[in-house]
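Secondary and tertiary structure notes
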Amino acid sequence: MPDMDEAQLNRVNRAARDPVTGKSVTIPGYMTYREWYEKYVEGKNGVANSGESGIINQASKRDEVQDVRQVCRLDPEIYHCVTSDIATDEVVITEKQIEHIKERHPDDYEICERWAETIIRDPDYIIKSEKPSTAIVLRQIEENGKQYRLVLRLKTSKDPEDYKNSIITFQKVKEKEWKRLLRNKKILYKRE
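Residues numbered from 1 in each chain as written. Predicted model: local features only at pLDDT ≥ 70, side-chain atom pairs only at ≥ 80, totals over all residues. Heavy atoms only, no water.

Now for the overall build of the chain. Of regular secondary structure, the chain possesses 6 helices and 9 strands. Looking at the chain as a whole, 47% of its 192 residues are labelled buried. A fraction of 53% describes how many contacts in the chain between residues 6 or more apart in sequence connect residues 24 or more apart. Carbon and sulfur atoms form 46% of the exposed surface of the chain, whose accessible area is close to 11000 Å². (Helix = DSSP H or I, 4+ residues; strand = E, 2+ residues; numbered from the N terminus. Buried < 20%, exposed > 50% of the residue type's maximum accessible area, 1.4 Å probe, protein only. Contact = heavy atoms within 4.5 Å. Areas by Shrake-Rupley, 256 points an atom, 1.4 Å probe, with all protein chains shown as cover.)

Right, here's the structure in full:
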């Protein structure tokens, strides 16, 4: 496209999937995906590499107050199966991830609020995730007899100092999906 002027380049747009929201977005023709990601994803919401790691980066918003809620402390011994390099036991959830849960799984957020600490501290299963230092945490809630999946990104020593373990998403899992996860994914931990 070197023969095109800037006006023509602006008209040659392409679609991509936003790694944070999962929604379809348009990348201007003159921009590489990396440039778009750095400008519109990393630059606007304070999440570094959110599509890759989902872990919060407070350093990128030092002048703003982060909307971060403390959830609980986890037992590193339980999560050692995910990575032996867990740098903190503190678990948080960002306002952005709360909005994600409310938008994508609207009936599940109240359960998340009430049960996230229990799920993290006493999971039924921890399943291997495709993403590094990330766990899929499964738990059946006795209160309503339903199963839930929580995705948790763990902070390692390679992450910046001010990162925390963070909840990426939370949702109800149907019985069929629960069984598929246990059958097809690598189980790292099972509650005795």
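This part is about the packing of aromatic side chains. Within this structure, the stated rule accounts for 2 aromatic pairs. Ring plane angle 75° and centroid distance 6.1 Å describe the contact between Y125 and W178, whose orientation is recorded as edge-to-face. With a gap of 53 residues between them, Y125 in strand β5 (residues 125-128) and W178 in helix α6 (residues 175-184) connect regions that are remote in the sequence. For the pair Y148 and F170, a centre-to-centre distance of 5.4 Å together with 15° between the ring planes defines the contact as stacked. Pair noted here: Y148 is in strand β7 (residues 146-153) and F170 is in strand β8 (residues 165-173), with a separation of 22 residues, a long-range link. (Phe/Tyr/Trp six-rings, centres within 6.5 Å; stacked < 30°, edge-to-face > 60°.)

To continue, consider helix α4 (residues 95-104). Every buried residue of α4 is listed here: Q97, I98, H100 and I101. Projection of α4 onto a plane perpendicular to its axis shows the buried side chains occupying an angular sector of 155°, all on one side. (Arc of directions from axis to C-beta.)

In this fold, R139 is placed in strand β6 (residues 134-141). Here D122 takes part through its backbone oxygen, which lies 2.6 Å from a polar atom of the side chain of R139. Setting aside its immediate chain neighbours within four residues, R139 contacts T118, I119, D122, P123, D124, K146, Q147, Y148, W178 and R191. (Polar contact = N/O pair within 3.5 Å; in protein donor to acceptor, adjacent residues only side chain to side chain.)

This brings us to the sheet that holds β5. Read from one edge of the open sheet, 7 strands run β3-β4-β8-β7-β6-β5-β9, paired in mixed fashion. Here the strands that pair on one side only, and so sit at the sheet edges, are β3 (68-73) and β9 (187-190). Neighbour-to-neighbour, the strand axes of the sheet open up by a mean angle of 30°, direction not taken into account. Judged from the 2 bridges that link them, strand β4 (residues 90-94) and β8 form a sheet pairing that is parallel. (Pairing = 2+ DSSP bridges. Axes fitted to C-alpha atoms, helices over the stretch in contact; angles between N-to-C directions.)

On to the nonpolar core. By size, the foremost hydrophobic cluster in this structure holds 27 residues, and its most contacted members are Y79, I119, I120, L150, L152, I167 and F170. Breaking this core down by element, the ones donating at least two residues are α3 (76-79), β4, α4, α5 (109-121), β6, β7 and β8. In terms of residue count, α5 provides more of this core than any other element does, 7 residues in total. When sequence neighbours within four positions are dropped, the list of residues in contact with L152 reads L74, Y79, V91, S133, T134, A135, V137, S166 and I167. If you look at the next biggest cluster of nonpolar residues, it comprises 8 residues, including Y125, W178, L181 and L182. (Core = buried A, V, L, I, M, F, W, Y, C linked by side-chain atoms within 4.5 Å.)

Counted according to the given criterion, the structure contains 15 salt bridges. Here K185 makes a salt bridge to E130, at a shortest N to O gap of 3.8 Å. Of this pair, K185 sits in the loop between α6 and β9 while E130 is found in the loop between β5 and β6, placing the two residues 55 residues apart along the sequence. Relative accessible area serves as the criterion here: at 28%, K185 is assigned to the partly exposed category. For the salt bridge of E177 with R180, the shortest nitrogen-to-oxygen distance reads 2.7 Å. Taken as a pair, E177 and R180 lie in helix α6 at a separation of 3 residues, close to a single helical turn. Overall, the relative accessible area of 23% leaves E177 in the partly exposed class. The structure contains a network of salt bridges with shared partners spanning D122, D124, R139 and R191. (Salt bridge = Lys/Arg side-chain N within 4 Å of Asp/Glu carboxyl O.)

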